[in-house]
Amino acid sequence: SSNVPVSQRPDYYPTRQNSFTILPRTDPVVWNKGCTDGPLTAAQIAQYEDEGYLIIRNFFNEEKIRILRADVKNIQRELEESLGGKDSVLSETVNLVTEPRSGRLRSIFAAHKHYEKVDKFTRHPILLNSVKQILADDVYIFQNRINFQEAFEGTGFYWHSDFETWHTEDGMPRIRAMSCVIFLDKNACQNGALMVIPGSHKLFFSCAGTAPDHNWETSLKLPQAYGVPSREQVTGIANKQGIKYCTGDPGTIILFDSNLMHGSHSNLSPWGRTNIFTVYNSITNKLIEPYTTTACRPEHLATRDPEMVQPIKSSL
Ligand code: 6CS
Ligand code: FE
C-alpha cells in the first residue's frame, strides 16, 4: 500500500538507475489465459500475447468516426485560436501541449473528461470487453488524450515503453494496462504512423539517468530525455525482431501492451494524423507513490482516481 515506505516496497521494475539493463517481465501479458468469453478470438489473443499489440481494422463505423473527427478538429481550431500561437506547457491546470515551434496543438489531455463525444468512444462496450478479456479485471482510464500529428509540422516521439514512465514517475506497480489508439485519420507510414517493435513487451528496458521532478513539463513536448532506451538496446532488439508500422483507415484501432517499445517519426507529409489515445489500467493496479520522483504528475496525465469505466448503453 502507499503507506509502505518507498525503501521497503518491492520494485519489480527498477529503472532510472546508473546503467541500461534488460530485465525480465514478471507479469503475464494475457491475464486470463484461454479466456474465450469476450469479443477477441483465440488467434487475436495469441497475437497480442506474442507481439504485444493487435490491430483491429474498421472497428468503428466510418461515418461515426468522420463526425467525431470533424468535432475534434473544431475543438482543435478553437483551442489554437484561444492560445493565439503561444506555447502551451502542461501544468496542474493546463492540459494542452503545443508543438515546440509552430504553436500548433499537439495533445489535449483528459479529453474524455471535457468532451462527451470522446468519452463515449472510450466506453464502447465491445472495446471495453476486449480490454477486460486480456487484463481479466475491471479497468479505469488512467490517461486519455487526443494526439495531433499535423501535416508538415507534427514532431515524433523517440522510442520508449510507456510503462517505464508510468511505473517510475507515476507509481504504477505492475504491467497490467493497455493502450487503445482510435484512428480518426488514415494512419500511414508517410504521416507518422505508430512504429512498434513486436515482442519487445516481454522485456523491461531499464533506463539510465535520474529524471528530475516535473520531467513531464518537457517530456511530452521536446524529445523525451529520460526513460528512453539506449541506442544499443534499440538496435539489438530491432535487429532481432524488426520494426512494424501500425497503419490503417479511419475507424481502425490498435490495442497495445503498456510495456511495448514504440515511437513515431515526424510528419513530413501533407496529411495530418489525428488519433485518440486511451490507457485502461486494471482496477487492482492502482498507483502508489512514484518510485523515483517525489512529486506526482497532474491528474490529467496520470489519474489517481480509479473510477471504474462503465460501458455506454447505445452502440456507436
Ligand atoms: O508521459 C506519458 O505518460 C507518455 N508520454 C511520453 C512521451 N512518454 C511516456 C509515456 O508514453
Ligand atoms: Fe508512448
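Above: the structure in question.
Predicted model, so just to flag it, every value in this text is computed and none were measured.

When you go through the chain residue by residue, the secondary structure sums to 8 helices and 13 strands. Its C-alpha atoms give the chain a radius of gyration of 18 Å, near enough to 20 Å, the size a compact globule of 316 residues would have. Dimensions of the chain, computed from C-alpha atoms along their principal axes, come out at roughly 50 × 45 × 40 Å. Residues classed as buried in the chain amount to 55% of the 316 residues present. The contacts of the chain with a sequence gap of at least 6 include a subset with a gap of at least 24, amounting to 86%. When the accessible surface of the chain is summed, it comes to about 13600 Å², and 52% of that surface belongs to carbon and sulfur atoms. Each charge class in the chain can be summarised by its mean position, and for the 33 positive and 35 negative side chains these summaries are 3 Å apart.

Another aspect to go through is the pairing of strand E6 (residues 157-161). Most of E6 is tucked away: 4 of the 5 residues are buried. Examined bridge by bridge, E6 and strand E12 (residues 261-264) share 3 bridges and lie antiparallel to one another. From the neighbouring strand, Phe157 faces E12, where its bridge partner is Ser264.

Protein ligation of the iron ion (ligand 2) involves His160 (NE2), Asp162 (OD) and His262 (NE2), the donor distances falling in the range 2.1 to 2.2 Å. Residue Asp162 is classed as buried on the basis of its relative accessible area of 8%. By relative accessible area, His262 is classed as buried at 5%.

Another point: unusual backbone geometry. In this structure, Ala110 takes a positive phi of about 50° despite not being glycine. With respect to the secondary-structure elements, Ala110 resides in the loop between strand E4 (105-109) and helix H3 (111-114). Look at Ala110 and you get buried, because its relative accessible area is 8%. Even without being a glycine, His214 presents a positive backbone phi close to 65°. Mapped onto the elements of the fold, His214 is located in the loop between strand E9 (203-206) and helix H7 (216-219). Taking the relative accessible area as the measure of exposure, His214 reaches 39% and is therefore partly exposed.

So, about the sheet that holds strand E8 (residues 195-196). Strand order in the open sheet made by the 4 strands is E6-E12-E8-E10, with antiparallel pairing throughout. Lying at the two open borders of the sheet, with one neighbouring strand each, are E6 and strand E10 (244-245). As paired strands, E8 and E10 are joined by 2 bridges and run antiparallel to one another. Residue pairing in the sheet places Met195 in a bridge with Tyr245 of E10.

It is worth spelling out helix H6 (residues 162-170) at this point. Here H6 lies mainly inside the structure; 9 of its 9 residues are buried. Every buried residue of H6 is accounted for by Asp162, Phe163, Glu164, Thr165, Trp166, His167, Thr168, Glu169 and Asp170. Measuring from the backbone nitrogen of Phe163 back to the side-chain oxygen at the start of H6 gives 3.3 Å, which picks out Ser161 as the cap. Phi turns positive one or two residues past the end of H6, at Gly171, with a value near 80°.

Here the focus is the pattern of salt bridges. Following the criterion strictly, the structure yields 16 salt bridges and no others. Where Arg69 meets Asp185, a salt bridge forms, and the shortest distance between an N and an O atom there is 2.4 Å. Here the residue Arg69 occupies a position in helix H2 (residues 62-83), and Asp185 occupies one in the loop between strand E7 (177-183) and E8, the gap between them amounting to 116 residues. Classification of Arg69 by relative accessible area gives partly exposed; the value is 28%. A single salt-bridge network, built from bridges that share partners, covers Lys73, Glu80, Arg104 and Glu150.

About the thresholds
- Throughout this document, residue positions are counted from 1 along each chain, in the order its sequence is written.
- For this description, chains carry letters from A and ligands carry numbers from 1, given in the order in which they are written.
- The model is predicted, so local features are restricted to residues of pLDDT at least 70 and side-chain atom pairs to those at 80 or more, both for listing and for counting; the totals for chains, interfaces and linings are taken over all residues.
- Each side-chain value is derived from all of the structure's non-hydrogen atoms; neither hydrogens nor water enter the calculation.
- Helix and strand definitions here come from DSSP, where helices need a minimum of 4 consecutive H or I residues and strands a minimum of 2 consecutive E residues; each element is numbered from the N-terminal end.
- Radius of gyration here is computed from C-alpha atoms only, and the compact-globule reference equals 2.2 Å multiplied by the residue count raised to the power 0.38.
- Here the term buried applies to any residue with accessible area under 20% of the maximum for its type, exposed to any over 50%, and partly exposed to those in between, with areas from a 1.4 Å probe on protein chains only.
- Pairs of residues are marked as contacts when any of their non-hydrogen atoms sit within 4.5 Å.
- Values of accessible area rely on a 1.4 Å probe in the Shrake-Rupley scheme; residue burial ignores everything except the protein chains shown.
- Counted as positive: Lys and Arg. Counted as negative: Asp and Glu, with His and the chain ends omitted from the count.
- The atoms used to mark charge sites are NZ of Lys, CZ of Arg, CG of Asp and CD of Glu.
- Here, strands pair whenever DSSP counts at least two bridges between them.
- Donor atoms (N, O, S) are those found within 2.8 Å of the metal centre, with the cutoff raised to 3.2 Å for Na, K and Ca; water is not part of the atom list, so apparent gaps in a site can occur.
- Polar contacts here mean pairs of N or O atoms no more than 3.5 Å apart (in protein, one a potential hydrogen donor and the other a potential acceptor; neighbouring residues in sequence count only if both atoms are side-chain atoms).
- What makes a salt bridge here is a side-chain nitrogen of Lys or Arg within 4 Å of a carboxyl oxygen of Asp or Glu, nothing more.

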